[in-house]
Amino acid sequence: MGRALELARLRKGLTHPNPTVGCVVVKDGKIISEGYHERAGAPHAEVVALSKAGQNAKDSTLYVTLEPCSHYGRTPPCTNAIIEAGVKRVVVATLDPNPKVMGSGIERLRAAGIQVDVGVLEEEARQLNEDFFVYITQNRPYITLKWAQSIDGSLATKTGDSKWITSRESREFAHRLRAEATAILVGVNTVVKDDPLLTVRAFLWERQPIRVVLDPYLRTPLQANLMVDTSAKTILVTCSQKEDKVKKLEDMGVSVVKAECVKGRVDLRWLMRWMHQQEIMHLMVEGGARTLEGFIEEGLWDRIVVFLGPLLIGNGIRVRSPGAEKLMDAIPLRKRRLWQLGEDVAIEYTRAY
Ligand code: AOF
Ligand code: ZN
């Protein structure tokens, strides 16, 4: 199962809106074939591994990091392939929370007389696909909030200077995080002030996340990097009804989405439902402060990754939500992972409960 998880990790970030899945077929104590799910629409991990094993799969044990599917999606059910191949035993790391599967894959296999064991390296398997799990059960993308701050908590100086709080190592690592997201979102102020590209550039990658700008009044400059650069798709989410401006932007190749708005701000809950419909599985919010606050205020986040740069900025721009009076009113977090990146550290937090 450790090997199957390794295989799944190879495709992390490349299978949206599907989970990443690895599979190993074992016979007489030896691995006879391996497979992973390459991308949405491609065959599932089990089918890849079984077709490599051929006739040899008879009486084998199949290890898979996610419950085999039992439904017709973009591809036929894996349970059929497993039963037809004559597999004797199936070991599953974790159940598939997809309402179309959810235990029925296991049932199908057992009904066919196959021994099925569930729960091997379950924690690792759940963490690997936690974005898919949220997406498939909650009608919204999995949401990562990411920012870089000084030791005393500033995202920028009073005048908005923020390049750079963290080192090149941290920024490269941040591209790893981008690579796992389906879309990267920023507020229009960040576009105006920082003019970011929001692409994965620190290493070669098969796809670029979609860029999304919260831009209620269509203030994104036509010459902004994310307007001019064509290596990734750009979507502006707006409250504006100015048809001529919309047309001009669309002519430049960007998409403009007219959002439901409340008091001149995009309704984030509406936006999350819309993104779910667009099969955006994992959204990373990169700032600025007001945008991050909006997501925190709505309780719309699953994970926070904060980068700490060795600086004291003092009276700068901060993420202020939820403005607790008492510690009792603060949002408690749980530290999950920590990375040392040169002089910086990055810490990953999830909800404490
Ligand atoms: C598996 N093995 O490798 C994957 C599974 O549209 P489809 O046919 O690709 O089905 C997608 C669903 O199948 C997805 O939402 C998830 O429930 C499951 N993914 N299942 O047995 C795999 N990628
Ligand atoms: Zn399947």
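Up top you'll find the structure we're talking about.
Being a predicted model, the structure only gives us computed values, none of them experimental.

Among the nonpolar cores identified, the biggest contains 55 residues, and Ala183, Leu185, Val213, Val237, Leu283 and Val285 are the most heavily contacted of them. Excluding residues that lie within four positions of it along the chain, Val213 makes contacts with Val186, Val188, Val191, Thr220, Leu236 and Val237. Core analysis: the next-biggest nonpolar cluster, separate from the first, contains 35 residues, Leu5, Val25, Val47 and Ala49 among them.

This brings us to unusual backbone geometry. Of note, the amide linkage connecting His16 to Pro17 takes the cis form, showing an omega dihedral of 0°. Relative to the elements of secondary structure, Pro17 occurs in the loop between helix H1 (2-10) and strand S1 (22-27). In the segment running from Gly287 into Gly288, the intervening peptide bond is cis, with an omega of 0°. Relative to the helices and strands, Gly288 is located in the loop between strand S13 (282-285) and helix H12 (289-297). Residues other than glycine seldom take positive phi values, yet Asp195 does so here, at roughly 50°.

Looking now at the sheet that holds strand S5 (residues 115-118). If you walk across this open sheet you meet the 5 strands as S2-S1-S3-S4-S5, and the pairing is mixed. Every other strand in the sheet has two partners, leaving strand S2 (30-36) and S5 as the edge strands with one partner each. In this sheet, adjacent strand axes meet at a mean angle of 15° when their direction is disregarded. As paired strands, strand S3 (residues 61-64) and strand S4 (residues 89-92) are joined by 4 bridges and run parallel to one another. Note that in S4 the partner of Val64 across the bridge is Val92. Against the sheet, helix H2 (residues 45-53) makes contact with S1, S2 and S3, and its axis sits at roughly 135° relative to S2, the strand it touches most.

Further remarks concern the sheet that holds strand S10 (residues 255-258). Reading across the sheet, the 9 strands line up as S10-S9-S8-S7-S13-S6-S14-S16-S15 and stay open at both edges, with mixed pairing between neighbours. The outermost strands of the open sheet, each flanked by one partner alone, are S10 and strand S15 (333-341). With strand direction ignored, the average angle separating the axes of adjacent strands in the sheet is 20°. Sheet topology note: the strand S7 (residues 183-187)/strand S8 (residues 210-214) ladder contains 5 bridges and is parallel. For Ala183, the partnering residue across the bridge sits in S8 and is Ile210. Along the sheet, H12 contacts strand S6 (142-150), S7, S8 and S13; its crossing angle with S6, the most-contacted strand, is approximately 140°.

Calculation rules
Residues numbered from 1 in each chain as written. Chains lettered and ligands numbered in written order. Predicted model: local features only at pLDDT ≥ 70, side-chain atom pairs only at ≥ 80, totals over all residues. Core = buried A, V, L, I, M, F, W, Y, C linked by C-beta atoms within 7 Å. Buried ≥ 20, exposed ≤ 12 C-beta atoms within 10 Å, placed from the backbone. Contact = placed C-beta atoms within 7 Å. Helix = DSSP H or I, 4+ residues; strand = E, 2+ residues; numbered from the N terminus. Pairing = 2+ DSSP bridges. Axes fitted to C-alpha atoms, helices over the stretch in contact; angles between N-to-C directions.

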